[in-house]
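Geometric and topological summary
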Amino acid sequence: MNKHYKVGIIGATGMVGQRFVTLLQDHPWFTITALAASARSAGKTYEEALGGRWVMKTPLPACVKDMPVYDAQADLEKIASTVDFVFCAVDMKKDDIKALEEAYAKAECPVVSNNSANRFTPDVPMLIPELNAHHCAIIPAQKKRLGTKRGFIAVKSNCSLQSYVPALYPLDQAFGVEDVLVCTYQAISGAGKTFERWPEMIDNVIPYIGGEEEKSEKEPLKIWGAIENGAIVPASKPHFTAQCLRVPVSDGHMAAVFVRFRTKPTKEQILKIWQEFKGRPQELCLPHAPKQFLHYFEEDNMPQTRLQRDLEGGMAVSIGRLRKDTQYDYKFVCLSHNTLRGAAGGAVLGAELLCAEGYIEPKQ
Ligand SMILES: NC(=O)c1ccc[n+]([C@@H]2O[C@H](COP(=O)([O-])OP(=O)(O)OC[C@H]3O[C@@H](n4cnc5c(N)ncnc54)[C@H](OP(=O)(O)O)[C@@H]3O)[C@@H](O)[C@H]2O)c1
């Protein structure tokens, strides 16, 4: 694609915001031209605003170090008028995030969001680009509601489900998935934390992540949903039940999955579907699309968090241990990188899809 886009990052100083910076520094289509955070950071350079909070493994890129940080709310008009769209990942109250994202959209600035606030707004697509790229077709209805020409909001789903939903979605198309029981083992970066900042997590497991089980059960049904009369209507099946645990891992969410099918497949049929599955990002050769989305590992001790979380730039899903179950039909384990595929990387891929499909155009 020959188009080039000026991009803003709202929440640039946070854990996900920093991931956006590292992913976008050499992006072939997108150039970071605005950084924003809270009033606490506004008026400082990016490096000053971070104040030692840079937690990425690569150094702070020179191209953003001295950029000014704007106030995401007070400088909204200025930011919206100079960029082609923004990524948003902020730690604010849900209603405030809703208002902020809608204000950017109404200022004719598309928003690609990591936040959960708009995930259940019926005309906001919640994208896992390989699975439900067709939900982008809701955007004209959303623009009509907002009264905008180019502004709209698109979101990505919660990080917990980005390992097991990609594995289940193509199996549902082939065999019908009835019931799913899932236990997730989630990394501390999912809470915006490192071990330095959360020493209580060393040698520990916490059996509660606020709101996570509800999201893990409910959000997949919107991914499976259908567009009807200007809204994405969530599906009623598959039925999900989830337990989500915080484990002492820096990055990478793992899930243990049990699944019951309508039509009973063989193990070979399941493996063939995973091997052959491709989505719109692979068809369009988007810059952040993994070549192979679903990787199956035959070894009994795979996938492992440290060995596979960075597969294909952290954008692939790793699966293993597929075997028959005594109560469900099959069980397996899967893994995805929560701040790459599950957060900033997933949002960048979503933005690439929206640009390639013409939903976001450069202003000039
Ligand atoms: N971490 C993950 O793996 C993950 C995965 C999926 C989704 N998310 C979602 O992404 C969002 C950000 O998460 P995070 O882990 O990056 O959080 P974080 O590290 O705590 O960063 C929060 C960011 O929000 C900014 N902010 C706070 N109050 C603000 C305000 N009033 N106006 C504008 N900006 C404000 C902060 O700016 P200051 O530095 O100026 O305070 C900072 O840039 C959350 O909604 C989270 O649920 C996170």
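Residues numbered from 1 in each chain as written. Predicted model: local features only at pLDDT ≥ 70, side-chain atom pairs only at ≥ 80, totals over all residues.

Next up on the list: the overall build of the chain. Helices and strands together make up the secondary structure of the chain, namely 14 helices and 15 strands. Taking 364 residues into account, the globule formula puts the C-alpha radius of gyration at 21 Å, and the chain, at 20 Å, falls close to it. Counting only C-alpha atoms, the chain reaches 60 × 50 × 35 Å along its principal axes. Looking at the chain as a whole, 50% of its 364 residues are labelled buried. Sequence separation of at least 24 residues holds for 77% of the intrachain contacts in the chain that already meet a minimum separation of 6. (Helix = DSSP H or I, 4+ residues; strand = E, 2+ residues; numbered from the N terminus. Rg over C-alpha atoms; globule rule 2.2 N^0.38 Å. Buried ≥ 20, exposed ≤ 12 C-beta atoms within 10 Å, placed from the backbone. Contact = placed C-beta atoms within 7 Å.)

Let's shift gears to the sheet that holds strand 1 (residues 5-10). The strand order across the open sheet built from seven strands is 3-2-1-4-5-7-6, with neighbouring strands paired in parallel fashion. With partners counted over all chains shown, the strands left at the sheet margins are strand 3 (69-71) and strand 6 (126-127), one partner each. Across the sheet, helix 5 (residues 94-106) is in contact with strand 4 (85-88), strand 5 (111-113) and strand 7 (153-156); its angle to strand 5 comes to roughly 150°. (Pairing = 2+ DSSP bridges. Axes fitted to C-alpha atoms, helices over the stretch in contact; angles between N-to-C directions.)

Time to look at the sheet that holds strand 13 (residues 294-297). Spatial ordering of the open sheet is given by 11-8-12-15-14-13, a layout of six strands whose pairing is mixed. Across the chains shown, the open sheet's two edge strands, defined by having one partner strand only, are strand 11 (239-246) and strand 13. Ignoring which end each strand starts from, the neighbouring axes of this sheet average 20° apart. Here four bridges tie strand 13 to strand 14 (residues 317-324), and the two strands are oriented parallel to one another. Bridging from a neighbouring strand, Phe297 pairs with Gly320 of strand 14. Set on the sheet, helix 8 (residues 164-175) makes contact with strand 8 (177-186), strand 12 (253-261), strand 13, strand 14 and strand 15 (330-336); between it and strand 8 the angle comes to about 170°. Sheet contacts for helix 9 (residues 212-223): strand 8 and strand 11; angle to strand 11, the most-contacted strand, approximately 145°.

Attention shifts here to the packing of helix 8 against helix 10 (residues 267-276). Between helix 8 and helix 10, whose axes approach to 10 Å, the crossing angle comes to 120°. Considering the relative orientation of helix 8 and helix 10, their crossing is right-handed. Contact with helix 8, carried on its side by Ala167, Pro170, Leu171 and Ala174, involves Ile270, Ile273 and Trp274 of helix 10 and no other residues of that element. Here the contact of helix 8 with helix 10 is composed, by residue class, of seven nonpolar, no polar and no charged. (Left-handed = near helix turned anticlockwise from the far one by under 90°. Nonpolar A, V, L, I, M, F, W, Y, C, P; charged D, E, K, R; others polar.)

Surveying the vicinity of the ligand reveals 28 residues, the closest of which are Gly14, Ala37, Ser38, Ser41 and Gly192. The element contributing the most residues to the shell around the ligand is helix 1 (residues 15-24), with three residues. Looking at the shell around the ligand, its residues break down into ten nonpolar, 16 polar and two charged. A domain split of the shell around the ligand shows at least three residues from each of domain 1 (5-158 + 344-356) and domain 2 (160-337). (Near = placed C-beta within 6 Å. Domains from an automatic or database assignment.)

Before going further, it helps to examine the nonpolar core. Of all hydrophobic cores here, the largest spans 108 residues; its most connected members are Leu35, Ala36, Val86, Phe87 and Cys334. Residues from two domains meet in this core; each of domain 1 (5-158 + 344-356) and domain 2 (160-337) gives at least three. Not counting residues within four places of it along the chain, the set of residues in contact with Phe87 comprises Val7, Ile9, Ile10, Phe20, Val112 and Ala347. (Core = buried A, V, L, I, M, F, W, Y, C linked by C-beta atoms within 7 Å.)

With that out of the way, let us pick up the packing of helix 1 against helix 14 (residues 340-356). Two elements in contact, helix 1 and helix 14, have axes separated by 8 Å at closest approach and are oriented at 50°. Comparing the axis directions of helix 1 and helix 14 gives the class oblique. Here the hand of the crossing between helix 1 and helix 14 comes out right-handed. For the pair helix 1 and helix 14, the contacting residues are Val16, Arg19, Phe20 and Leu23 in the first and Ala343, Ala344, Gly345 and Val348 in the second. (Parallel < 35°, antiparallel > 145°, perpendicular 65-115°, else oblique.)

Attention shifts here to the domain arrangement of the chain. Partitioning the chain into domains gives domain 1 (5-158 + 344-356) and domain 2 (160-337). Summarising the inter-unit geometry, the C-alpha centres of domain 1 and domain 2 are found 24 Å apart. Opposite the 33 residues of domain 1 that make contact, domain 2 presents 29 residues. Contributions of two or more residues to the side of domain 1 that touches domain 2 are made by helix 6 (129-132) and helix 14. Of the residues contributing to the side of domain 1 that touches domain 2, the split by class is 19 nonpolar, nine polar and five charged.

With six of eight residues buried, strand 2 (residues 30-37) lies mostly within the body of the structure. In the sheet, strand 1 pairs with strand 2 via six bridges, with the strands oriented parallel. Within the sheet, the bridge partner assigned to Val7 lies in strand 2 and is Ile32. Of the crossover connections in this fold, the one passing from strand 1 over helix 1 to the parallel strand 2 is right-handed. Bridging between strand 2 and strand 3 involves three bridges; their strand directions are parallel. By the bridge assignment, Ala37 is partnered in strand 3 with Asp71. (Right-handed = clockwise from strand over helix to strand, strands pointing away.)

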